[in-house]
Amino acid sequence: MIASVRGTVLATSGSSVVVEVGGVGLRVAVTPDTALSLRVGSEASLQTALIVREDELALYGFADDEERELFDLLRGVSGVGPKSAMGVLGGLRPAEIAAAVANEDDAAFRKVSGIGPKTAKLIVVSLAGKLTAVRMQSAPASRVPTRVGDSVIAALAGLGWSEKIAAQAVDDAVAAASDDEKSNVQALLRIALANLGPSQLSSMGGRS
(Lines give C-alpha, C1' and ligand atoms only; values in the text may rest on other atoms or scores of the structure.)
Protein backbone atom coordinates (compact mmCIF):
# COMPACT_ATOMS: atom_id res chain seq x y z
CA MET A 1 0.00 0.00 0.00
CA ILE A 2 1.18 3.53 -0.81
CA ALA A 3 0.86 5.35 2.52
CA SER A 4 2.33 8.70 1.48
CA VAL A 5 3.93 10.54 -1.42
CA ARG A 6 6.41 13.39 -1.52
CA GLY A 7 7.63 15.14 -4.62
CA THR A 8 7.34 18.05 -7.01
CA VAL A 9 3.89 19.17 -8.10
CA LEU A 10 3.67 18.89 -11.90
CA ALA A 11 0.02 19.89 -12.34
CA THR A 12 -3.08 20.75 -10.34
CA SER A 13 -6.80 20.76 -11.03
CA GLY A 14 -9.89 21.23 -8.91
CA SER A 15 -9.88 17.67 -7.62
CA SER A 16 -6.44 16.20 -8.26
CA VAL A 17 -2.73 16.91 -8.42
CA VAL A 18 0.12 15.22 -10.26
CA VAL A 19 3.17 14.64 -8.06
CA GLU A 20 6.49 13.48 -9.49
CA VAL A 21 7.99 10.71 -7.37
CA GLY A 22 11.19 9.06 -8.58
CA GLY A 23 10.64 10.28 -12.12
CA VAL A 24 7.04 9.00 -12.21
CA GLY A 25 4.06 11.35 -12.22
CA LEU A 26 1.37 10.10 -9.84
CA ARG A 27 -2.14 11.50 -10.18
CA VAL A 28 -3.60 11.90 -6.70
CA ALA A 29 -7.24 12.73 -6.03
CA VAL A 30 -7.52 15.45 -3.38
CA THR A 31 -10.09 17.85 -1.96
CA PRO A 32 -10.42 21.23 -3.70
CA ASP A 33 -8.88 22.99 -0.71
CA THR A 34 -5.81 20.74 -0.79
CA ALA A 35 -5.47 21.33 -4.53
CA LEU A 36 -5.64 25.09 -4.00
CA SER A 37 -2.93 24.92 -1.33
CA LEU A 38 -0.41 23.39 -3.76
CA ARG A 39 1.49 25.18 -6.53
CA VAL A 40 3.11 23.77 -9.64
CA GLY A 41 6.84 23.48 -9.00
CA SER A 42 6.51 23.31 -5.22
CA GLU A 43 7.08 20.20 -3.13
CA ALA A 44 4.03 18.35 -1.88
CA SER A 45 3.84 15.87 0.97
CA LEU A 46 0.56 13.98 1.14
CA GLN A 47 -0.77 11.12 3.22
CA THR A 48 -2.43 8.68 0.82
CA ALA A 49 -4.78 5.76 0.46
CA LEU A 50 -4.61 3.41 -2.53
CA ILE A 51 -7.96 2.03 -3.64
CA VAL A 52 -7.66 -1.13 -5.76
CA ARG A 53 -10.51 -2.24 -7.99
CA GLU A 54 -10.73 -4.72 -10.84
CA ASP A 55 -10.54 -2.02 -13.50
CA GLU A 56 -8.83 0.81 -11.65
CA LEU A 57 -6.07 1.85 -9.25
CA ALA A 58 -6.91 5.16 -7.61
CA LEU A 59 -4.69 7.12 -5.25
CA TYR A 60 -6.31 9.55 -2.80
CA GLY A 61 -4.29 12.20 -1.00
CA PHE A 62 -4.78 14.05 2.28
CA ALA A 63 -3.24 17.00 4.06
CA ASP A 64 -2.65 14.99 7.26
CA ASP A 65 -3.28 11.69 9.05
CA GLU A 66 -6.52 12.99 10.54
CA GLU A 67 -8.08 13.46 7.10
CA ARG A 68 -6.92 10.04 5.98
CA GLU A 69 -8.38 8.39 9.08
CA LEU A 70 -11.69 10.15 8.47
CA PHE A 71 -11.61 8.97 4.86
CA ASP A 72 -11.22 5.38 6.03
CA LEU A 73 -14.03 5.75 8.58
CA LEU A 74 -16.36 7.25 6.01
CA ARG A 75 -15.62 4.48 3.51
CA GLY A 76 -16.64 2.00 6.17
CA VAL A 77 -20.19 3.36 6.07
CA SER A 78 -22.57 1.43 3.81
CA GLY A 79 -23.23 3.43 0.65
CA VAL A 80 -20.18 5.68 0.97
CA GLY A 81 -17.51 5.12 -1.66
CA PRO A 82 -14.15 6.86 -2.04
CA LYS A 83 -15.54 9.73 -4.11
CA SER A 84 -18.38 10.37 -1.68
CA ALA A 85 -15.93 10.25 1.24
CA MET A 86 -13.77 12.85 -0.51
CA GLY A 87 -16.89 14.93 -1.07
CA VAL A 88 -17.57 14.96 2.66
CA LEU A 89 -13.97 15.94 3.42
CA GLY A 90 -14.12 18.63 0.77
CA GLY A 91 -17.26 20.16 2.23
CA LEU A 92 -16.67 19.83 5.97
CA ARG A 93 -13.65 20.32 8.19
CA PRO A 94 -12.77 17.43 10.54
CA ALA A 95 -14.09 19.34 13.55
CA GLU A 96 -17.35 20.04 11.71
CA ILE A 97 -17.75 16.35 10.86
CA ALA A 98 -17.17 15.42 14.50
CA ALA A 99 -19.62 18.07 15.71
CA ALA A 100 -22.30 16.93 13.24
CA VAL A 101 -21.95 13.33 14.40
CA ALA A 102 -21.99 14.32 18.09
CA ASN A 103 -25.11 16.44 17.55
CA GLU A 104 -26.75 13.78 15.37
CA ASP A 105 -27.00 16.42 12.64
CA ASP A 106 -27.36 14.39 9.45
CA ALA A 107 -28.40 17.57 7.57
CA ALA A 108 -24.73 18.57 7.42
CA PHE A 109 -23.97 15.47 5.36
CA ARG A 110 -27.03 15.79 3.13
CA LYS A 111 -25.52 18.98 1.74
CA VAL A 112 -22.71 16.94 0.18
CA SER A 113 -23.27 15.92 -3.44
CA GLY A 114 -23.97 12.19 -3.70
CA ILE A 115 -25.02 11.79 -0.05
CA GLY A 116 -28.73 11.10 0.33
CA PRO A 117 -30.87 11.22 3.48
CA LYS A 118 -30.47 7.50 4.26
CA THR A 119 -26.69 7.56 3.83
CA ALA A 120 -26.41 10.76 5.86
CA LYS A 121 -28.18 9.09 8.77
CA LEU A 122 -25.94 6.02 8.42
CA ILE A 123 -22.85 8.25 8.62
CA VAL A 124 -24.06 9.75 11.90
CA VAL A 125 -24.88 6.35 13.39
CA SER A 126 -21.74 4.59 12.13
CA LEU A 127 -19.31 7.30 13.25
CA ALA A 128 -20.88 7.86 16.67
CA GLY A 129 -18.28 7.45 19.41
CA LYS A 130 -15.37 7.25 16.95
CA LEU A 131 -14.52 10.91 16.49
CA THR A 132 -13.67 12.18 19.97
CA ALA A 133 -9.97 12.30 19.15
CA VAL A 134 -10.67 14.11 15.89
CA ARG A 135 -12.71 16.81 17.60
CA MET A 136 -10.06 17.33 20.27
CA GLN A 137 -7.24 17.57 17.72
CA SER A 138 -9.16 19.95 15.50
CA ALA A 139 -10.37 22.31 18.20
CA PRO A 140 -8.36 25.55 18.31
CA ALA A 141 -6.09 25.83 21.32
CA SER A 142 -7.22 29.38 22.06
CA ARG A 143 -10.61 31.03 21.90
CA VAL A 144 -11.50 34.11 19.87
CA PRO A 145 -14.79 36.07 19.96
CA THR A 146 -17.15 34.65 17.32
CA ARG A 147 -17.80 38.09 15.80
CA VAL A 148 -14.08 38.70 15.31
CA GLY A 149 -13.42 35.27 13.85
CA ASP A 150 -16.40 35.51 11.49
CA SER A 151 -15.25 38.94 10.28
CA VAL A 152 -11.77 37.64 9.48
CA ILE A 153 -13.17 34.59 7.69
CA ALA A 154 -15.44 36.86 5.62
CA ALA A 155 -12.49 39.10 4.73
CA LEU A 156 -10.38 36.15 3.61
CA ALA A 157 -13.28 34.74 1.59
CA GLY A 158 -13.62 38.12 -0.09
CA LEU A 159 -9.97 37.89 -1.11
CA GLY A 160 -10.56 34.54 -2.81
CA TRP A 161 -9.90 31.83 -0.24
CA SER A 162 -12.55 29.18 0.38
CA GLU A 163 -14.43 29.31 3.68
CA LYS A 164 -12.74 26.08 4.80
CA ILE A 165 -9.21 27.42 4.22
CA ALA A 166 -10.19 30.78 5.75
CA ALA A 167 -11.56 29.11 8.88
CA GLN A 168 -8.39 27.05 9.30
CA ALA A 169 -6.27 30.18 8.80
CA VAL A 170 -8.21 31.90 11.58
CA ASP A 171 -7.66 28.92 13.90
CA ASP A 172 -3.92 29.08 13.15
CA ALA A 173 -3.85 32.85 13.64
CA VAL A 174 -5.62 32.58 16.99
CA ALA A 175 -3.04 30.06 18.18
CA ALA A 176 -0.23 32.49 17.30
CA ALA A 177 -1.91 35.74 18.43
CA SER A 178 -1.53 37.57 21.71
CA ASP A 179 -4.59 38.12 23.92
CA ASP A 180 -5.02 41.66 22.58
CA GLU A 181 -4.71 40.54 18.95
CA LYS A 182 -7.39 37.87 19.38
CA SER A 183 -10.05 40.55 19.83
CA ASN A 184 -8.77 42.77 17.02
CA VAL A 185 -10.06 42.00 13.51
CA GLN A 186 -7.25 43.80 11.68
CA ALA A 187 -4.50 42.22 13.80
CA LEU A 188 -5.94 38.72 13.38
CA LEU A 189 -6.42 39.25 9.64
CA ARG A 190 -2.80 40.39 9.30
CA ILE A 191 -1.55 37.22 11.05
CA ALA A 192 -3.81 34.98 8.94
CA LEU A 193 -2.62 36.60 5.70
CA ALA A 194 1.00 36.24 6.75
CA ASN A 195 0.45 32.52 7.40
CA LEU A 196 -1.36 31.95 4.10
CA GLY A 197 1.18 33.89 2.06
CA PRO A 198 0.60 35.64 -1.28
CA SER A 199 1.67 32.59 -3.31
CA GLN A 200 -1.49 30.68 -2.48
CA LEU A 201 -3.71 33.53 -3.62
CA SER A 202 -1.70 33.76 -6.85
CA SER A 203 -2.25 30.05 -7.47
CA MET A 204 -6.02 30.70 -7.25
CA GLY A 205 -5.87 33.15 -10.10
CA GLY A 206 -5.65 36.28 -7.95
CA ARG A 207 -9.37 36.52 -7.35
CA SER A 208 -10.48 39.50 -5.28
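This one's a predicted model, so the numbers in the text were calculated from it and none came from an experiment.

Let us now look at the nonpolar core. When a protein is soluble and globular, its nonpolar side chains tend to lie buried together. In terms of nonpolar packing, the biggest core is built from 28 residues, with F71, I97 and F109 touching the most fellow members. At the level of secondary structure, the elements contributing two or more residues to this core comprise strand 4 (43–53), strand 5 (56–62), helix 2 (65–75), helix 3 (82–91), helix 4 (94–102), helix 5 (107–110) and helix 6 (117–127). If near-sequence neighbours (up to four positions away) are discounted, F71 is found in contact with A49, I51, Y60, F62, P82, A85, M86 and L89. Counting 18 residues, the second largest nonpolar core, distinct from the first, contains V148, V152, I153 and A167.

Take the pattern of salt bridges next. A full pass over the atoms with the stated rule returns six salt bridges. Note that R6 and E43 form a salt bridge whose closest N and O atoms lie 3.7 Å from each other. Of the two residues, R6 sits in strand 1 (residues 4–12) while E43 sits in strand 4, which places them 37 residues apart along the sequence. Pair check on accessibility: R6 and E43 agree, each one exposed.

Our focus in this paragraph is helix 2. Every buried residue belonging to helix 2 is among E66, E67, R68, L70, F71 and L74, and all of these are buried. The N-cap residue of helix 2 is D64: its side-chain oxygen and the backbone nitrogen of E66 are 3.2 Å apart.

Looking now at the confidence of the model for the chain. Confidence in the prediction for the chain averages 84 pLDDT; 87% of positions are at 70 or higher. Across residues 135–143, confidence stays below pLDDT 50; counting only partners more than four residues off in sequence or on other chains, it has 12 contacts. Segment residues 199–208 is flagged for pLDDT under 50; beyond a separation of four residues in sequence, or across chains, it makes 19 contacts in the model.

The rules behind these values
- Residues numbered from 1 in each chain as written.
- Predicted model: local features only at pLDDT ≥ 70, side-chain atom pairs only at ≥ 80, totals over all residues.
- Heavy atoms only, no water.
- Core = buried A, V, L, I, M, F, W, Y, C linked by side-chain atoms within 4.5 Å.
- Buried < 20%, exposed > 50% of the residue type's maximum accessible area, 1.4 Å probe, protein only.
- Helix = DSSP H or I, 4+ residues; strand = E, 2+ residues; numbered from the N terminus.
- Contact = heavy atoms within 4.5 Å.
- Salt bridge = Lys/Arg side-chain N within 4 Å of Asp/Glu carboxyl O.
- Polar contact = N/O pair within 3.5 Å; in protein donor to acceptor, adjacent residues only side chain to side chain.
- pLDDT = per-residue confidence, 0-100.

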